[in-house]
Amino acid sequence: MKRWFLPREPDVLRLLRAQVDITVVGLDAFQAWASGDAGQAEEVEAAEHRADEAKRTLQRELRAAFSTPLDPEDIYELSERMDEVIGAAKDLVREAEVLEVSPDPALAQMAGIVTEAVRHLASAFAALPGDADTATASADEAKRVTRRLELAYRTAMSATVDASLQEPQFARRELYRRASRIADAVIRVAERVWYAVVKQS
């Protein structure tokens, strides 16, 4: 009978990692789409919806939790920032559809970079909270990988200069900018991983 009065202990880290896993699936689909598989656009959007549902479930359980293995604020922020990553990927795909622009090799390269970085973020989340060294090392690796996108972005943008008066080139630039925003979102997640670890020490 006494167990009825015990506080709930939802596994919020499991829920957070589930959201991350969905994000990885979505980024894999995003990379496939950017590499020429147009049908993966629907998979990106579906993953974004599933990730959003996972985020909402986590937030509900977080409110009900009596204690959490990480500061609740950090769990919330990690979830929100990870949601920005898959949301930015979905927005890029939608923008391409609106502009009627197909992805090119430059965008495929950028998609591959952010997808690789998100996998490192997944490793960081898997290591929290017990293995701080692995968590921060994985976060650092995510940032290192993501910084490769800056060179890919500059190279791709410079290639549009000669045809800058052509409307498709303006549209392509917008897709490159959106890819850069995904990279920024990845870095925000990685930095919050570090913050969460430092607060625990």
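As shown above, the structure is provided for reference.
Note that the coordinates shown come from a computational prediction; the quantities given were computed from them, not determined experimentally.

**What to know about the overall build of the protein**
Reasoning step 1: Scanning the protein from terminus to terminus reveals six helices and zero strands.
Reasoning step 2: Scanning the protein from its N terminus toward the C terminus, one meets helices and strands in the order α-α-α-α-α-α.
Reasoning step 3: Structurally, the protein occupies a C-alpha span of about 75 × 30 × 20 Å along its principal axes.
Reasoning step 4: Out of the 201 residues in the protein, the part that is buried amounts to 49%.
Reasoning step 5: When contacts within the protein are restricted to residue pairs at least 6 apart in sequence, those whose partners lie at least 24 apart make up 83%.
Reasoning step 6: Summed over its atoms, the accessible surface of the protein is roughly 10,300 Å², and 50% of this surface lies on carbon and sulfur atoms.

**As for helix 3 (residues 72-99)**
Reasoning step 1: Between its terminal C-alpha atoms helix 3 stretches 40 Å, which fits the 40 Å expected from 28 residues at 1.5 Å a residue.
Reasoning step 2: Of the residues flanking the start of helix 3, the one acting as N-cap is Asp 71, its side-chain oxygen 2.8 Å from the backbone nitrogen of Glu 73.

**Some points on unusual backbone geometry**
Reasoning step 1: Cis geometry marks the peptide bond from Leu 128 to Pro 129; its omega dihedral reads 0°.
Reasoning step 2: At Glu 100, a position not held by glycine, the phi torsion is positive, near 55°.
Reasoning step 3: Along the chain, Glu 100 falls in the loop between helix 3 and helix 4 (105-127).

**Brief notes about the nonpolar core**
Across soluble globular proteins, nonpolar side chains have a tendency to be buried as a group.
Reasoning step 1: Counting 66 residues, the largest nonpolar core has Phe 30, Trp 33, Val 85, Leu 92, Phe 125 and Ile 182 as its most contacted members.
Reasoning step 2: Only helix 1 (12-34), helix 2 (40-64), helix 3, helix 4, helix 5 (132-158) and helix 6 (167-200) provide two or more residues apiece to this core.
Reasoning step 3: In contact with Leu 92, other than residues within four places in its own chain, are Phe 30, Trp 33, Leu 107, Leu 175, Arg 178, Ala 179 and Ile 182.

**Examining the environment of Ala 54**
Reasoning step 1: Considering the arrangement of structural elements, one finds Ala 54 in helix 2.
Reasoning step 2: A relative accessible area of 13% means that Ala 54 is categorised as buried.
Reasoning step 3: C-alpha of Ala 54 to C-alpha of Leu 15: the two residues are 39 residues apart in sequence and 7.0 Å apart in space.
Reasoning step 4: Once you skip the residues sitting within four places of it in the chain, Ala 54 turns out to touch Gln 19 and Ile 22.

**Quick notes on the packing of helix 2 against helix 3**
Reasoning step 1: Two elements in contact, helix 2 and helix 3, have axes separated by 9 Å at closest approach and are oriented at 160°. Our classification of the angle between helix 2 and helix 3 gives roughly antiparallel. Once helix 2 is placed against helix 3, the crossing between them reads as left-handed.
Reasoning step 2: For the contact of helix 2 with helix 3, a count of residues per class yields twelve nonpolar, three polar and nine charged.

**Digging into the pattern of salt bridges**
Reasoning step 1: Under the counting rule described, the total for this entry stands at 22 salt bridges.
Reasoning step 2: Note that Glu 191 and Lys 143 form a salt bridge whose closest N and O atoms lie 3.8 Å from each other. With Glu 191 in helix 6 and Lys 143 in helix 5, the pair connects residues that are 48 residues apart, well separated along the chain.
Reasoning step 3: Glu 191 gets classed as partly exposed once you look at its relative accessible area, which sits at 40%.
Reasoning step 4: One salt-bridge network, in which partners are shared between bridges, spans Asp 71, Glu 73, Asp 74, Arg 192 and Lys 199.

**Quick notes on helix 1**
Reasoning step 1: For helix 1, built from 23 residues, the straight-helix expectation of 33 Å at 1.5 Å per residue is met to within 8% by its first-to-last C-alpha distance of 33 Å.
Reasoning step 2: A positive phi of about 120° marks Gly 36, the residue just after helix 1.

**Section: the environment of Gly 39**
Reasoning step 1: Structurally, Gly 39 can be placed in the loop between helix 1 and helix 2.
Reasoning step 2: Take Gly 39: its relative accessible area is 47%, and that puts it in the partly exposed class.
Reasoning step 3: Separated by 59 residues in sequence, Gly 39 and Val 98 place their C-alpha atoms 16 Å apart.

Procedures and definitions
Residues numbered from 1 in each chain as written. Predicted model: local features only at pLDDT ≥ 70, side-chain atom pairs only at ≥ 80, totals over all residues. Heavy atoms only, no water. Helix = DSSP H or I, 4+ residues; strand = E, 2+ residues; numbered from the N terminus. Buried < 20%, exposed > 50% of the residue type's maximum accessible area, 1.4 Å probe, protein only. Contact = heavy atoms within 4.5 Å. Areas by Shrake-Rupley, 256 points an atom, 1.4 Å probe, with all protein chains shown as cover. Expected span 1.5 Å × (residues − 1). Polar contact = N/O pair within 3.5 Å; in protein donor to acceptor, adjacent residues only side chain to side chain. Core = buried A, V, L, I, M, F, W, Y, C linked by side-chain atoms within 4.5 Å. Axes fitted to C-alpha atoms, helices over the stretch in contact; angles between N-to-C directions. Parallel < 35°, antiparallel > 145°, perpendicular 65-115°, else oblique. Left-handed = near helix turned anticlockwise from the far one by under 90°. Nonpolar A, V, L, I, M, F, W, Y, C, P; charged D, E, K, R; others polar. Salt bridge = Lys/Arg side-chain N within 4 Å of Asp/Glu carboxyl O.

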